[in-house]
Amino acid sequence: MEELVEEILLRVPPDEPADLVRAALVCKPWRRIILSGSGAGGGFLRRYRAFHRAPPLLGYLHNLYTDKNREGPIPPFVSTTNASPLSQPRLGGLWWALDCRHGHVLINSFPVAEPEHLVVWDPISGDIERIDMPPYPDSSCAGAVLCAVHGCDHLDCHGGPFLVVFIGTTTVSGGNVETWATMYSSETGVWSPSVSMDDSDDDALYFTLEHGVLKYDMVGHELSEIEPPSEVGSIYMEVEDGALGFVAELDNRIYKWLWQADANVTGRWEKHMVMELEALLLTPAPYTSYKVIAFVEGTDTIFIIGCHVGVFTLDLKSRKVKKVGKSAPYYAILPYRSFYTPGI
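An unreviewed UniProt entry annotates the protein chain as F-box domain-containing protein originating from Digitaria exilis.

Right, dumping it as structure tokens:
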């Protein structure tokens with residue numbers, strides 16, 4: 001019965017997009033189910049996304065310390081699946097990836113003989129939108145791109161309006177550092193007035209700049225700063241119940257702290273977990289240093305780089321480790337997640 005076949009196909013794991021494509025090639029009835037659905041209402045791909053909820057990791061973009069790739073696309077995309085469905089855009093000049101979120105990639109572009117600008121790229125559809133830089137000076141910056149479709153579940157964000165949050169710091173007279181934030185809407189096509197550092201306790205985005213970690217409240221349009229619990233190389237990530245987590249590697253151990261907000265909004269860090277890293281790796285390498293460099297948004301998965309060993313993903317709950325790339329002088333890694341099915 002086609003209804004039962006559809007229930008089975010719904011359970012094909014989304015981690016390898018080619019598997020569902022292969023299933024669509026088995027026979028015409030299976031292809032019809034995958035492209036439309038067996039019931040009167042159809043909608044197999046919609047059900048598939050709703051059933052699995054979390055979009056799979058398709059790969060990652062990376063920024064390198066070196067500039068040897070000046071003639072090619074920077075940063076390159078590294079697939080974590082057997083068959084990558086993505087092709088890289090040719091923007092010309094140098095790239096610098098700032099953020100991957102809600103099916104979009106935010107890129108700082110430095111084209112030859114043209115002004116610096118931002119690019120919002122949808123790797124699935126191939127759509128590219130150019131944005132002028134915010135009209136504020138900066139010496140260090142960070143950004144984020146978000147889907148702005150009302151009521152979207154962010155399981156299939158392709159097309160539609162988006163927001164870009166951009167934060168920068170600049171050194172002013174007397175050597176003081178001034179920090180500001182602004183937000184761009186694709187619907188209005190303009191940047192909002194900038195705001196400076198302030199205290200806030202609402203839902204926020206977190207950015208790491210050379211001068212510290214900044215919290216941006218998207219509702220109140222305010223900035224505040226959070227002191228890290230450790231000086232070692234680390235990342236910030238969303239953890240249980242949307243709380244802020246801090247994950248770091250030290251002496252071949254993975255440490256995780258959770259931010260506990262106090263009634264007076266000052267908050268404190270509490271150590272939540274310690275994990276022996278060498279015991280988890282498939283082929284541990286003695287005398288190898290490791291670094292936590294990124295996390296997969298909405299999951300408990302982090303990226304770890306082992307010097308001369310490679311790039312690994314580590315699920316902090318299941319403790320499952322997977323090698324996903326070669327060793328390189330990475331400055332940053334930006335995981336890209338999205339459903340990619342035969343209907344697109």
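Having seen it, we continue.
Draft legend 1. Highlighting the packing of aromatic side chains. Applying the stated criterion across every chain yields a total of 12 aromatic pairs. Judged by centre distance (6.2 Å) and plane angle (70 degrees), the rings of F166 and W191 are edge-to-face. Taken as a pair, F166 in strand β8 (residues 162-171) and W191 in strand β10 (residues 190-191) lie far apart in primary sequence, 25 residues in all. Across the pair, W191 and F166 agree in class, each one buried. Members of the aromatic cluster, connected to one another through ring pairs, are Y136, F166, W180, Y184 and W191.

Draft legend 2. Quick peek at the packing of helix α1 (residues 2-9) against helix α4 (residues 44-52). Running from amino to carboxyl end, α1 crosses α4 at an angle of 45 degrees, the nearest separation of the two axes being 10 Å. Looking at the two axes, α1 sits oblique to α4. Remark: the crossing between α1 and α4 carries right-handed chirality. Residues E6, E7 and L9 of α1 form the contact with α4, whose own contacting residues are F44, R47 and Y48. Of the residues that constitute the contact of α1 with α4, the class distribution is three nonpolar, no polar and three charged.

Draft legend 3. View of the side chain of S192. Assignment of secondary structure puts S192 in the loop between β10 and β11 (195-196). Overall, S192 belongs to the buried group, its relative accessible area being 18%. Each residue touching S192, except ones within four places of it in the same chain, is listed here: Y136, T182, M183 and H221.

Draft legend 4. Representation of the UniProt feature "domain: F-box" (unreviewed entry) in the protein chain in the model. Listed under "domain: F-box" (unreviewed entry) in the UniProt record, and renumbered for this structure, are residues 2-36. Structurally, residues 2-36 is divided into 69% helix and 0% strand, and its ends, taken at the C-alpha atoms, are 12 Å apart.

Draft legend 5. Just the pairing of strand β19 (residues 290-295), in detail. In the sheet, β19 pairs with strand β20 (residues 301-306) via five bridges, with the strands oriented antiparallel. For A294, the partnering residue across the bridge sits in β20 and is F303. Counted along the chain from β19 to the antiparallel partner β20, the turn is five residues long, and its residue G298 has a positive phi close to 80 degrees.

Draft legend 6. Here's a closer look at the sheet that holds β19. Pairing within the open sheet is antiparallel, and its four strands lie in the order β19-β20-β21-β22. Pairing within the sheet leaves two strands with one partner each, and these edge strands are β19 and β22 (321-325). For this sheet, the mean angle separating the axes of adjacent strands, direction not counted, is 35 degrees. The sheet contact formed by strand β21 (residues 310-315) and β22 spans four bridges and is antiparallel. In the sheet register, T313 faces β22, and the bridge partner there is K322.

Draft legend 7. Representation of the environment of F339. Counting through the fold element by element, F339 comes out in the segment after β23 (330-337). With a relative accessible area of 1%, F339 lands in the buried category. With 215 residues separating them in the primary sequence, F339 and I124 have C-alpha atoms 9.1 Å apart.

Draft legend 8. Representation of the pattern of salt bridges. Within this structure, the stated rule accounts for 10 salt bridges. In this structure, the salt-bridge partner of R11 is E7, at a minimum N-O distance of 3.3 Å. Judged by its relative accessible area of 46%, R11 is partly exposed. Between E114 and R130 there is a salt bridge whose closest N-O contact spans 3.1 Å.

Draft legend 9. Structural detail: α4. Buried residues of α4: F44, L45, Y48, R49 and H52, and no others. For α4, the arc enclosing every buried residue in end-on projection is 135 degrees, short of the 170-degree limit, so these residues lie on one face. Here the buried face of α4 lies against α1, α2 (17-24) and α3 (28-35). Of the residues trailing α4, R53 is marked for its positive phi of about 60 degrees.

Draft legend 10. Quick look at the nonpolar core. Within the largest apolar cluster, 20 residues are counted, with the highest numbers of intra-cluster contacts made by V247, I254, I302, I304, L314 and L316. The residues contacting I254, other than those within four sequence positions of it, are V247, A248, E249, M273, V274, M275, L277, V292, I302, I304, L314 and L316.

Draft legend 11. Local environment of unusual backbone geometry. Not every positive phi belongs to a glycine, and H154 is a case in point at roughly 60 degrees. Mapping H154 onto the fold places it in the loop between β7 (140-147) and β8. For H154, a relative accessible area of 28% gives the class partly exposed. One non-glycine residue, N252, lies in the positive phi region at around 60 degrees. Within the fold, N252 resides in the loop between β16 (244-250) and β17 (253-260). A residue is classified by how much of its surface remains accessible, and N252, at 22% relative accessible area, is partly exposed.

Draft legend 12. Here's a closer look at the packing of α2 against α3. Following both chains from N to C, one finds α2 and α3 inclined at 130 degrees, their axes separated by 7 Å at the closest point. It follows from the interaxial angle that α2 and α3 lie oblique. Mapping the contact onto sequence places L20, A23 and A24 in α2 and W30, R31 and I34 in α3.

Here is what the cut-offs are and how they apply
- Residues numbered from 1 in each chain as written.
- Predicted model: local features only at pLDDT ≥ 70, side-chain atom pairs only at ≥ 80, totals over all residues.
- Heavy atoms only, no water.
- Phe/Tyr/Trp six-rings, centres within 6.5 Å; stacked < 30°, edge-to-face > 60°.
- Helix = DSSP H or I, 4+ residues; strand = E, 2+ residues; numbered from the N terminus.
- Buried < 20%, exposed > 50% of the residue type's maximum accessible area, 1.4 Å probe, protein only.
- Axes fitted to C-alpha atoms, helices over the stretch in contact; angles between N-to-C directions.
- Parallel < 35°, antiparallel > 145°, perpendicular 65-115°, else oblique.
- Left-handed = near helix turned anticlockwise from the far one by under 90°.
- Contact = heavy atoms within 4.5 Å.
- Nonpolar A, V, L, I, M, F, W, Y, C, P; charged D, E, K, R; others polar.
- UniProt positions renumbered as here; feature names shortened; annotations may be inferred.
- Pairing = 2+ DSSP bridges.
- Salt bridge = Lys/Arg side-chain N within 4 Å of Asp/Glu carboxyl O.
- Arc of directions from axis to C-beta.
- Core = buried A, V, L, I, M, F, W, Y, C linked by side-chain atoms within 4.5 Å.

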